[in-house]
Amino acid sequence: MRAFVHSLGCRVNQYEAQFLREHLAGLPGEGEIHVVNTCTVTALADRKARQLVRRLKRNHSGALVVAVGCGADRAGARLRAAGADLVVGNRDKARLRSWIEAFLQGRPPPDGGWIPMDEERVAGPMARVRALLKVQDGCTQACAFCRTWQVRGPLRSKTPAVARDEAAALARAGHREIVIVGINLAQYGQDLPHRPSLVDLLRELLQVDGVRFRLSSLNPEGVSGELVALFAREPRLCPYLHLPLQSGDDQVLQRMRRAYTAAEYRERAQMFLAAVPRATLGADVMVGFPGEDDAAFRRTAELLADLEPLNVHIFRFSPRPGTTAAGLRPPVPAEVAAQRAAELADLAAGWSRAARRRFLGEVLQVLVEEEDRGLLWGHAENYLWVGVRGTRIAPRGTMVATRLVQVDEGHMLGVMVDR
Ligand code: SF4
């Protein structure tokens, strides 16, 4: 059977889509299977999953359509109503092959609990240039606005040695950058016998030569002095941290049930920026959380202004049924939230320009991801998006030393340096 995996949502889901592609390869029999790896982070994500199931069912008559993942856990009945033949939640996602075989043979689904993270591995190559490596799942933080932790099961971490072997396979498959992903990387290792830290994991991964490593989103409580020191001395750790802030106001943070104060966020972000050469920052912000008044919003903007992040992802709070935040008062009127989001987006564009301007004239390593308008495009180690004028052929997936010569809207321009 030919299996096609369609993925919605975050990078963890994208990694799992690759896992499913490898896991379902060579299924015996005729016909097509379409797997929709769903996301439930917003109502829109739920709707997109249902639309995709409907479209696949309509366009591929006779194919088996399977919905898996976060949306399948939260809204399985609605996915079934949209046309999914089989709905499998996160707990059994990594056993999908056995589920499909049982379904096709009319047997009941296999038993089992959450599979250990060490059994969830990929070999690559992935279609994307920057490979993903999942090292952690689950979250016990229980943020008031979040549904993810409700569907991701218990904390599970991959042991450092297993992650290292997986990284080595991805490097052998030709990847030059590996992005380390998890649901809450700040909780990495807490479930393992010797409680290895994120620093222990990174040290192990760095034994794999010829590849650079990037952390995807990391909650601020995960930024330790030891972690910053490792980033400061190890050029193969990409000097970019995406630290979700959500709010710069302590009361709002507390109501959100976040694990840090605004001062702690500032201190950790500044420590990273000061200690790590060429470092830049990204942040997530949620505007319009219940109880966010104008002063609270100002504190958020002021905190970010001091840090000049390269990227700010702005979300407008919308109550998700089944979360604590859905019942919190007082709500922020939609037009006020929209205004705040627009103001923040304007400010963020200025901070991003300022962050990029700091690197004019520097030589950075750009990993080529695409070619467009006569330029090679890719991310530098500190996540700057750079258009490179080439002096030689550099295929997708190769690293090019690039001198940055111009700041442009949303990106930088550079010239390849022959070394
Ligand atoms: S840290 Fe908060 S936002 Fe992130 S997955 Fe856990 S509960 Fe959700």
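Here the structure is a predicted model, which is why all the values come from computation and not from measurement. The residue count restarts for each chain, going from 1 along the sequence in the order it is written. Totals for whole chains, interfaces and linings use all residues, but because this is a predicted model, local features are given only for residues with pLDDT of at least 70 and pairs of side-chain atoms are given and counted only at 80 or more. Side-chain measures here rest on the full set of heavy atoms in the structure, leaving out hydrogens and waters.

1. A closer look at the overall build of the protein
Okay, step 1: Counting from the N terminus, the helices are DSSP H or I runs at least four residues long and the strands are E runs at least two residues long. Across its full length, the protein carries 13 helices and 16 strands.
Okay, step 2: To get the radius of gyration, use the C-alpha atoms; to get the globule rule, take the number of residues to the power 0.38 and multiply by 2.2 Å. A globule of 419 residues ought to have a C-alpha radius of gyration of about 22 Å, and the protein, at 22 Å, matches this closely.
Okay, step 3: Each of the 419 residues in the protein was classed as buried or not, and the buried ones make up 54%.
Okay, step 4: Residues are treated as being in contact if the distance between any of their heavy atoms lies within 4.5 Å. Long-range contacts, defined here as pairs at least 24 residues apart, represent 72% of the contacts in the protein between residues at least 6 apart. A simple rule labels every residue: compare its accessible area, found with a 1.4 Å probe on the protein chains alone, to the largest value its type can have, and call it buried under 20%, exposed over 50%, or partly exposed in between.

2. What about the sheet that holds strand β9 (residues 240-242)?
Okay, step 1: Any two strands between which DSSP finds at least two bridges are classified as paired. What the three strands build is an open sheet, ordered β9-β10-β11; its pairing is parallel. Unpaired on one side and paired on the other, β9 and β11 (311-316) mark the two borders of the sheet. Going across the sheet, the axis of each strand differs from the next one's by a mean of 10°, ignoring polarity.
Okay, step 2: Where strand β10 (residues 280-287) meets β11, six bridges bridge the pair, whose relative direction is parallel. Note on β11: the bridge partner recorded for Met286 is Phe315. Only the stretch in contact is used when fitting a helix axis, every axis being a line fitted to C-alpha atoms; angles between N-to-C directions are given from 0 to 180 degrees.

3. What about the packing of helix α9 (residues 225-233) against helix α11 (residues 262-275)?
Okay, step 1: Packing of α9 against α11 leaves a shortest axis separation of 9 Å and a crossing angle of 20°. The orientation of α9 with respect to α11, classified from their angle, is roughly parallel. Note on packing geometry: the crossing formed by α9 with α11 is right-handed. The residues of α11 that touch α9, namely those facing Gly225, Val228, Phe231 and Ala232, are Met271, Phe272 and Ala275.
Okay, step 2: Classification convention: Asp, Glu, Lys, Arg as charged; Ala, Val, Leu, Ile, Met, Phe, Trp, Tyr, Cys, Pro as nonpolar; all other residues, Gly among them, as polar. In terms of residue class, the contact of α9 with α11 is made up of six nonpolar, one polar and no charged. An angle below 35 degrees is treated as roughly parallel, one above 145 as roughly antiparallel, one from 65 to 115 as roughly perpendicular, and anything else as oblique. Working rule for handedness: look at the near helix, and if it is turned counterclockwise from the far one by less than a right angle, call the crossing left-handed; if clockwise, right-handed.

4. Remarks on the side chain of Asn90
Okay, step 1: Here Asn90 shows up in helix α4 (residues 90-93).
Okay, step 2: Its relative accessible area of 8% is what places Asn90 among the buried residues.
Okay, step 3: There is a polar contact of 2.8 Å between the side chain of Asn90 and the backbone oxygen of Val151.
Okay, step 4: The residues contacting Asn90, other than those within four sequence positions of it, are Gly69, Cys70, Asp73, Trp114, Val151 and Arg152. Polar contacts here mean pairs of N or O atoms no more than 3.5 Å apart (in protein, one a potential hydrogen donor and the other a potential acceptor; neighbouring residues in sequence count only if both atoms are side-chain atoms).

5. A few points about the environment of Val386
Okay, step 1: In this structure, Val386 sits in strand β14 (residues 385-389).
Okay, step 2: Owing to a relative accessible area of 0%, Val386 belongs among the buried residues under this scheme.
Okay, step 3: A sequence separation of 21 residues divides Val386 from Val407, and the C-alpha atoms of the two residues are 9.4 Å apart.
Okay, step 4: Ignoring sequence-local partners within four residues, the contact set of Val386 consists of Val366, Leu376, Trp377, Gly378, Ala380, Thr402, Leu404, Met412, Leu413 and Gly414.

6. Looking at the site of the ligand
Okay, step 1: All residues adjacent to the ligand are Cys139, Gln141, Ala142, Cys143, Phe145, Cys146, Trp149, Ile183, Asn184, Asn219 and Arg258.
Okay, step 2: Of the residues in the shell around the ligand, the class split is seven nonpolar, three polar and one charged. Being near a molecule or strand, for a residue, means having at least one of its heavy atoms within 4 Å of it.

7. Let's talk about the pattern of salt bridges
Okay, step 1: For salt bridges, the criterion is a side-chain nitrogen of Lys or Arg within 4 Å of an Asp or Glu carboxyl oxygen. What the rule picks out here adds up to 30 salt bridges.
Okay, step 2: Residue Asp92 is joined to Arg91 by a salt bridge in which the shortest nitrogen-to-oxygen separation is 3.2 Å.
Okay, step 3: Under the relative-accessibility criterion, Asp92 is labelled buried at 6%.
Okay, step 4: A salt bridge links Arg203 to Glu226; its shortest N-O distance comes to 3.5 Å.

8. Remarks on unusual backbone geometry
Okay, step 1: Note the cis peptide between Gly124 and Pro125, where omega equals 0°.
Okay, step 2: Tracing the backbone shows Pro125 in the loop between α5 (96-104) and β5 (131-137).
Okay, step 3: One non-glycine residue, Arg257, lies in positive phi territory at about 65°.
Okay, step 4: Along the chain, Arg257 turns up in the loop between α10 (250-256) and α11.
Okay, step 5: For Glu308, which is not glycine, the phi dihedral falls at a positive 45°.
Okay, step 6: Among the structural elements, Glu308 can be located in the loop between α12 (294-307) and β11.
Okay, step 7: A residue is classified by how much of its surface remains accessible, and Glu308, at 29% relative accessible area, is partly exposed.

9. Section: the domain arrangement of the protein
Okay, step 1: The domain boundaries assigned to the protein delineate domain 1 (2-104), domain 2 (117-357) and domain 3 (363-416).
Okay, step 2: Residue ranges assigned to each domain were obtained from an automatic or database domain assignment. One C-alpha centre belongs to domain 1, the other to domain 2, and the line joining them spans 27 Å.
Okay, step 3: Listed as interface residues are 19 residues of domain 1 and, on the opposing side, 28 residues of domain 2.
Okay, step 4: Of the roughly 1900 Å² buried at the junction of domain 1 and domain 2 (both faces included), carbon and sulfur atoms supply 53%.
Okay, step 5: Buried area is calculated as the accessible area (1.4 Å probe) missing from two parts once they are joined, with the contributions of both summed. Looking at the side of domain 1 facing domain 2, the largest losses of area belong to Arg11, Tyr15 and Arg74, adding up to 39% of the total buried there.
Okay, step 6: For the pair domain 1 and domain 2, the interface holds three salt bridges.
Okay, step 7: Taking the shortest distance from any N to any O, the salt bridge between Arg320 and Asp46 comes out at 3.0 Å.
Okay, step 8: On inspection of domain 1 and its partner domain 2, the count reaches 14 residue pairs in polar contact (both at pLDDT 80 or more).
Okay, step 9: If you list the elements that add at least two residues to the side of domain 1 that touches domain 2, you get α1 (11-24), α2 (43-59), α3 (70-82) and α4.
Okay, step 10: Classifying every residue of the side of domain 1 that touches domain 2 gives six nonpolar, six polar and seven charged.

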